[in-house]
There are 2 protein chains.
Amino acid sequence: MYIIIVYDVNVKRVNKVKSFLRKHLNWIQNSVFEGEVTESELEWIKTKLSMIINKEEDAIVIYKLKSKPKREIIGIEKNPIDDII
Amino acid sequence: MYIIIVYDVNVKRVNKVKSFLRKHLNWIQNSVFEGEVTESELEWIKTKLSMIINKEEDAIVIYKLKSKPKREIIGIEKNPIDDII
């Protein structure tokens, strides 16, 4: 499955979230990662994020898609992922 | 079509982007909007965003999906959209 993760996390924890997600997904821009994962990878990502964040202050949305979606960029493309893969 | 917009825009322009998107889409969390749009609405959104942002500094990603994707929340749900719609 293909996931997009967007997070809104207190600055105290944001580097932990970012460095964890970097190991599993592609960084797209500030607070956005995406990538192909298995069900078990997704479970691991969710478990780990739950441990890092403060659930009363932070918010993370995980969009679960069947495949990589079409996307359009306006402005600068911070991480031109399509050229890398 | 269903779109998710994530933006990484200089603080000078962020309020303009946010108040424009609020008219057309549902606010999800910091820097994320989503909603159902027609092709022509999407064209209008893209045109207008291009006028607001500085294309050499700011970045906006628009994911184009066929329908509203499944999603999971970890932490607080800032805008419980599913309850509203």
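Treat the numbers as computed from the prediction; the structure is a model and nothing was measured.

Draft legend 1. Broad picture of the pattern of salt bridges. Throughout the structure, instances matching the rule amount to twelve salt bridges over all chains. As a salt-bridge pair, K46(A) and E43(A) come within 3.1 Å of each other at their nearest N and O atoms. Here E43(A) and K46(A) lie together in helix 2 (residues 39-52), a separation of three residues that amounts to about one turn. K46(A) gets classed as buried once you look at its relative accessible area, which sits at 16%. Here E34(B) and R71(B) are joined by a salt bridge, their closest N and O atoms 3.9 Å apart.

Draft legend 2. Representation of the sheet that holds strand 1 (residues 2-8) of chain B in the model. As summarised here, the arrangement of the five strands in space is 5(A)-4(B)-1(B)-3(B)-2(B), forming an open sheet in which the pairing is antiparallel. Sheet topology places strand 5 (70-75) of chain A together with strand 2 (26-29) of chain B at the edges, where each strand pairs with a single neighbour. Pairwise comparison of adjacent strand axes, ignoring direction, gives a mean angle of 25 degrees for this sheet. Note: strand 2 of chain B against strand 3 (residues 32-36) of chain B, three bridges, orientation antiparallel. Across the sheet, the residue bridging to Q29(B) is V32(B), located in strand 3 of chain B. Sheet contacts for helix 1 (residues 11-24) of chain B: strand 1, strand 2 and strand 3 of chain B; angle to strand 1 of chain B, the most-contacted strand, approximately 170 degrees.

Draft legend 3. Looking closely at the interface of chain A and chain B. With 33 residues of chain A at the contact, the number on the chain B side is 33 residues. When the buried area of chain A at its contact with chain B is split by residue, Y63(A), E72(A) and I74(A) rank highest and sum to 26% of it. At the junction of chain A with chain B, the criterion picks out four salt bridges. One can count 18 residue pairs in polar contact (both at pLDDT 80 or more) joining chain A with chain B. Classifying every residue of the side of chain A that touches chain B by side-chain character gives 17 nonpolar, four polar and twelve charged. Relative to strand 5 (residues 70-75) of chain B, strand 4 (residues 59-65) of chain A runs antiparallel, the two sharing six bridges. Note that in strand 5 of chain B the partner of I60(A) across the bridge is I74(B).

Draft legend 4. Region of interest: the relation of the copies chain A and chain B. When chain A is brought onto chain B, the operation consists of a screw motion whose angular component is 180 degrees and whose axial shift is 0.0 Å, with 0.0 Å RMSD remaining. A rotation of that kind, with that shift, is consistent with a two-fold axis. A high fraction, 100%, of the interface residues of chain A reappear at the interface in chain B, so the copies pair face to face through one surface.

Draft legend 5. Structural context of the sheet that holds strand 5 of chain B. Spatial ordering of the open sheet is given by 2(A)-3(A)-1(A)-4(A)-5(B), a layout of five strands whose pairing is antiparallel. The sheet is open, and its two edges are formed by strand 2 (26-29) of chain A together with strand 5 of chain B, each paired on a single side. Going across the sheet, the axis of each strand differs from the next one's by a mean of 25 degrees, ignoring polarity. Sheet analysis places strand 1 (residues 2-8) of chain A next to strand 4 of chain A, joined by seven bridges and oriented antiparallel. Paired with I4(A) across the bridge in strand 4 of chain A is Y63(A). Its contacts with the sheet place helix 1 (residues 11-24) of chain A against strand 1, strand 2 and strand 3 (32-36) of chain A, and it is angled at close to 170 degrees to strand 1 of chain A.

The rules we used
Counting of residues starts from 1 at the beginning of each chain's written sequence and follows it residue by residue. Each chain is given a letter, starting from A, and each ligand a number, starting from 1, according to the order in which they appear as written. For a predicted model such as this one, the threshold for reporting local features is a pLDDT of at least 70, and the threshold for listing and counting side-chain atom pairs is 80 or more; totals across whole chains, interfaces and linings nevertheless cover every residue. Only hydrogens and water are removed before side-chain values are computed, so all heavy atoms of the structure are retained for them. Just to be clear on terms, a salt bridge is a Lys or Arg side-chain nitrogen sitting within 4 Å of an Asp or Glu carboxyl oxygen. Each helix is a run of H or I in the DSSP string that is no shorter than four residues. Each strand is a run of E no shorter than two, and both are numbered from the N terminus. Relative accessibility decides the category of a residue: with a 1.4 Å probe and only protein chains considered, values under 20% of the type maximum give buried, values over 50% give exposed, and everything between is partly exposed. Note on pairing: DSSP must find at least two bridges between two strands before they are called paired. Every axis in this analysis is a line fitted to C-alpha atoms, fitted for helices over the stretch in contact. Angles between the N-to-C directions lie between 0 and 180 degrees. What makes two residues a contact is simply this: any of their non-hydrogen atoms within 4.5 Å. Here the quantity called buried area is the accessible surface, traced with a 1.4 Å probe, that two parts lose on coming together, added over both. Counting of polar contacts relies on pairs of N or O atoms within 3.5 Å, with two restrictions inside protein: one atom must be capable of donating a hydrogen and the other of accepting it, and residues adjacent in sequence are counted only when both atoms are side-chain atoms. In this count, Pro and Cys sit with the nonpolar residues alongside Ala, Val, Leu, Ile, Met, Phe, Trp and Tyr, while Asp, Glu, Lys and Arg are called charged and the others, Gly among them, polar. Least squares is used to superpose the copies, and the fit set is the C-alpha atoms of residues whose pLDDT is at least 70 in both copies.

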